[in-house]
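Structure assessment
Letter by letter, the chains look like this.
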Amino acid sequence: MIEIEHSLLQQGYHSIPFRIRKSNHLYIYAKINGVKGLFLLDTGASNTCIDINQSEPFCLVSNQSNAKASGAGSNDLYTEISKGNRIQLGKWKRTNTTFVLLDLNHVNIAFSQYKLPAVQGIIGSDLLKQHEALIHYPSRLLFIR
């Protein structure tokens, strides 16, 4: 373990491995309400999102949102909000987490062109910023506290 990793662990951070896809996207496994899924790690996404089509498997209760979402290749997406959820990345856990639900079909269609598996959601900058996350590319570790 390099010095920076050791120092971060002593400061209360958890380390979670991530991978880099052929598409150059970072991805990570997360558990939402105890259910494991594949998520993009995306500092450019303003919110942590879950595919609205995954509401049932992740046991999400949601309400309609007036906000519209946009992203690369898609604008004015219908959204819902789900509050009071649990998230786990490695051994790091949080409760009472809010997620934006939206259709990620356009994202998964793009990944299918690379013959990559579909993602169930996106870990966005809201969660990363709130928990002082750091991405260490050389070790392919996400540090979060």
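Each chain carries its own residue numbering, running from 1 in the written order of its sequence. For a predicted model such as this one, the threshold for reporting local features is a pLDDT of at least 70, and the threshold for listing and counting side-chain atom pairs is 80 or more; totals across whole chains, interfaces and linings nevertheless cover every residue. As a rule here, side-chain values cover all heavy atoms of the structure and leave hydrogens and water aside.

From N to C terminus, the protein chain includes three helices and 13 strands. The C-alpha radius of gyration of the protein chain comes to 15 Å, within 12% of the 15 Å expected for a compact globule of 145 residues. Taken along the three principal axes of its C-alpha coordinates, the protein chain extends 45 × 35 × 25 Å. Each residue gets one of three labels from its accessible area relative to the maximum for its type: buried under 20%, exposed over 50%, partly exposed in between, using a 1.4 Å probe on protein chains only. Sorting the 145 residues of the protein chain into buried and exposed places 43% on the buried side. What makes two residues a contact is simply this: any of their non-hydrogen atoms within 4.5 Å. Here the analysis covers contacts within the protein chain between residues at least 6 apart in sequence; of these, 58% occur between residues at least 24 apart. Note on areas: Shrake-Rupley with a 1.4 Å probe; residue coverage comes only from the protein chains shown. A total of about 8400 Å² of accessible surface is found on the protein chain, and carbon and sulfur atoms cover 48% of it. For the purpose of counting charges, residues Lys and Arg are taken to be positive, whereas Asp and Glu are taken to be negative. His and the chain ends are not included. By convention, the point assigned to a charge is CZ for Arg, NZ for Lys, CD for Glu and CG for Asp. Both charge centroids of the protein chain, one from 15 positive and one from 10 negative side chains, sit 7 Å from each other. Helix and strand labels come from DSSP, where a helix needs a run of H or I of at least four residues and a strand needs a run of E of at least two; each type is numbered from the N terminus. In this description the radius of gyration comes from C-alpha coordinates, and the expected globular size is given by 2.2 Å times residues to the power 0.38.

Our focus in this paragraph is the sheet that holds strand E1 (residues 14-17). With antiparallel pairing, the three strands of this open sheet are ordered in space as E1-E13-E12. The sheet is open, and its two edges are formed by E1 and strand E12 (134-136), each paired on a single side. Across this sheet, the average inter-strand angle for adjacent strands is 25°, counted without regard to direction. For two strands to pair, DSSP has to find at least two bridges joining them. By the bridge criterion, three bridges tie E12 to strand E13 (residues 141-144) in an arrangement that is antiparallel. To define axes, lines are fitted to C-alpha atoms, for helices over the stretch in contact only, and angles between the resulting N-to-C directions are given on a 0 to 180 degree scale.

Before going further, it helps to examine the pattern of salt bridges. Think of a salt bridge as a Lys or Arg side-chain nitrogen and an Asp or Glu carboxyl oxygen that are within 4 Å of each other. The tally for this structure, following the rule as stated, stands at one salt bridge. Taking the shortest distance from any N to any O, the salt bridge between Glu132 and Arg145 comes out at 2.7 Å. Of this pair, Glu132 sits in the loop between helix H3 (125-130) and E12 while Arg145 sits in the segment after E13, and the two are 13 residues apart along the sequence. Residue Glu132 is classed as partly exposed on the basis of its relative accessible area of 41%. On the basis of relative accessible area, Arg145 is assigned to the partly exposed category, the value being 31%.

The subject of this paragraph is the packing of aromatic side chains. For Phe, Tyr and Trp, rings pair up if their centres lie within 6.5 Å, where Trp contributes its six-membered ring, and each pair is then called stacked (planes under 30 degrees apart), edge-to-face (over 60) or tilted (otherwise). Inspection of every chain in the model, using the stated rule, returns two aromatic pairs. Geometry around Tyr27 places Arg21 over its ring, the cationic atom sitting 4.9 Å from the centre. Sitting above the plane of the Phe111 ring, Arg21 keeps its charged end 4.5 Å from the centroid. Should the NZ of a Lys or the CZ of an Arg lie within 6 Å of a ring centre and within 35 degrees of the ring normal, that charge is described as sitting over the ring.

Once that is clear, we can look at the side chain of Ser55. Here Ser55 is to be found in the loop between strand E5 (49-51) and strand E6 (63-64). Taking the relative accessible area as the measure of exposure, Ser55 reaches 15% and is therefore buried. Separated by 2.9 Å, the side chain of Ser55 and the backbone oxygen of Ile52 make a polar contact. Side-chain atoms alone can form a polar contact between residues adjacent in sequence; in general such a contact is a pair of N or O atoms within 3.5 Å, and within protein one must be able to donate a hydrogen while the other accepts it.

Right, let's talk about unusual backbone geometry for a bit. Positive phi values are uncommon outside glycine, yet Glu132 reaches one of about 50°. In the Ramachandran plot, Arg140 falls in the positive-phi region, its phi being about 55° despite a non-glycine side chain. Following the sequence through the fold, Arg140 ends up in the loop between E12 and E13.

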